Amino acid sequence: MDDELHQAFITESEESITQLNNSLLQLEDNPEDEEAIDDIFRRAHTLKGNFGAMGFDTAATIAHAIEDLLDAVRQGHIEVTPERMDLVFDGVDLILDVLHEIEETGESTVDPAETVDALRAEVENAEEGDEADAGDPDKADASDDDGQTLELDVPSSASSADEDAGARDTGGEPQ
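Let me begin by describing the structure that accompanies this report. (Residues numbered from 1 in each chain as written. Predicted model: local features only at pLDDT ≥ 70, side-chain atom pairs only at ≥ 80, totals over all residues. Heavy atoms only, no water.)

### Considerations on a negative patch on the surface
Now for step 1: Together, E28, D29, E83, D86, D90, D93 and D97 make up a negatively charged patch on the protein surface.
Now for step 2: The set of elements that each furnish at least two residues to the negative patch consists of α1 (3-29) and α4 (82-105).
Now for step 3: No other element matches the five residues that α4 contributes to the negative patch.
Now for step 4: Mapped onto the elements of the fold, D90 is located in helix α4. (Patch = residues over 30% accessible without salt bridge, like charges linked within 9 Å, V, L, I, M, F, W, Y side chains within 5 Å. Areas by Shrake-Rupley, 256 points an atom, 1.4 Å probe, with all protein chains shown as cover. Salt bridge = Lys/Arg side-chain N within 4 Å of Asp/Glu carboxyl O. Lys, Arg positive; Asp, Glu negative; His and termini not counted. Charge placed at Lys NZ, Arg CZ, Asp CG, Glu CD. Helix = DSSP H or I, 4+ residues; strand = E, 2+ residues; numbered from the N terminus.)

### Things to note about the nonpolar core
Now for step 1: With 40 residues, the main nonpolar core has L24, F51, I66 and V88 as its most contacted residues.
Now for step 2: Elements supplying a minimum of two residues to this core: α1, α2 (34-53), α3 (57-74), α4 and α5 (113-135).
Now for step 3: Non-local contacts of V88, meaning those with residues more than four positions away in its chain, are made with L24, I66, L69, L70 and L119. (Core = buried A, V, L, I, M, F, W, Y, C linked by side-chain atoms within 4.5 Å. Buried < 20%, exposed > 50% of the residue type's maximum accessible area, 1.4 Å probe, protein only. Contact = heavy atoms within 4.5 Å.)

### So, the pattern of salt bridges
Now for step 1: Summed over all chains, the structure comprises six salt bridges.
Now for step 2: The partner of R74 in a salt bridge is D38, and the shortest N-O contact between them spans 3.2 Å. Taken together, the residues span a long stretch of sequence, with R74 in helix α3 and D38 in helix α2 at a distance of 36 residues.
Now for step 3: With a shortest N-O distance of 2.5 Å, D68 and R120 are connected by a salt bridge. Taken together, the positions of D68 in helix α3 and R120 in helix α5 put the pair 52 residues apart, joining distant regions of the chain.
Now for step 4: When its relative accessible area of 28% is taken as the criterion, D68 is described as partly exposed.
Now for step 5: Several salt bridges converge on common partners, so that one network encompasses D39, R42 and R43.

### Looking at the packing of α1 against α4
Now for step 1: Where α1 meets α4, the closest approach of the two axes is 11 Å, and the angle between their N-to-C directions is 165°. Regarding the angle of α1 to α4, the classification is roughly antiparallel. Regarding α1 and α4, the two cross each other, and that crossing is left-handed.
Now for step 2: Residues of the contact of α1 with α4, tallied by class, amount to 15 nonpolar, five polar and three charged. (Axes fitted to C-alpha atoms, helices over the stretch in contact; angles between N-to-C directions. Parallel < 35°, antiparallel > 145°, perpendicular 65-115°, else oblique. Left-handed = near helix turned anticlockwise from the far one by under 90°. Nonpolar A, V, L, I, M, F, W, Y, C, P; charged D, E, K, R; others polar.)

### As for the packing of α2 against α3
Now for step 1: Put simply, α2 and α3 touch, their axes get as near as 8 Å, and they point 155° apart. If you check the angle between α2 and α3, you find them roughly antiparallel. You can see that α2 and α3 cross each other, and the crossing is left-handed. On the side of α2, the interface is formed by I37, D38, I40, F41, A44, H45, L47, K48, F51 and G52, while α3 contributes D57, A59, A60, A63, H64, I66, E67, L70, D71, V73 and R74.

Shown next, in the form of structure tokens:
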């Protein structure tokens, strides 16, 4: 690879990672910041493309996993949580490690599997949870005072209406 192109790639990637970290900190402070979410998604997408175009698939794979997680956030499938932010920061740190290795040796030997698997699992677990909640009309979520999500059994409106009708028909308690 041309030394000038190599250095331009390194410099641009470092700047992008710095800006990505800044946007992540902004999102961490305000999980509802859609502009920060969009910026993070765009930067992860750009990093994925740039690393892929240069043949550095390790970093491209990590950036793709981050992009997928952020896309799920953008689409409203999952929420920003401190744990998810930690996963994204871990991914960005690993991309930076890969970049430094590329800068020093021209290639990377970093194994991204653990980080990528954790990022992808977070998206899959959230999607499975959404499907399970959507399939059970008698479940609802609520938050306690600490912001922890609680699952509550809530009678569906159809079964409540049936019980009320049964009570009226028999003149007594629901059957």
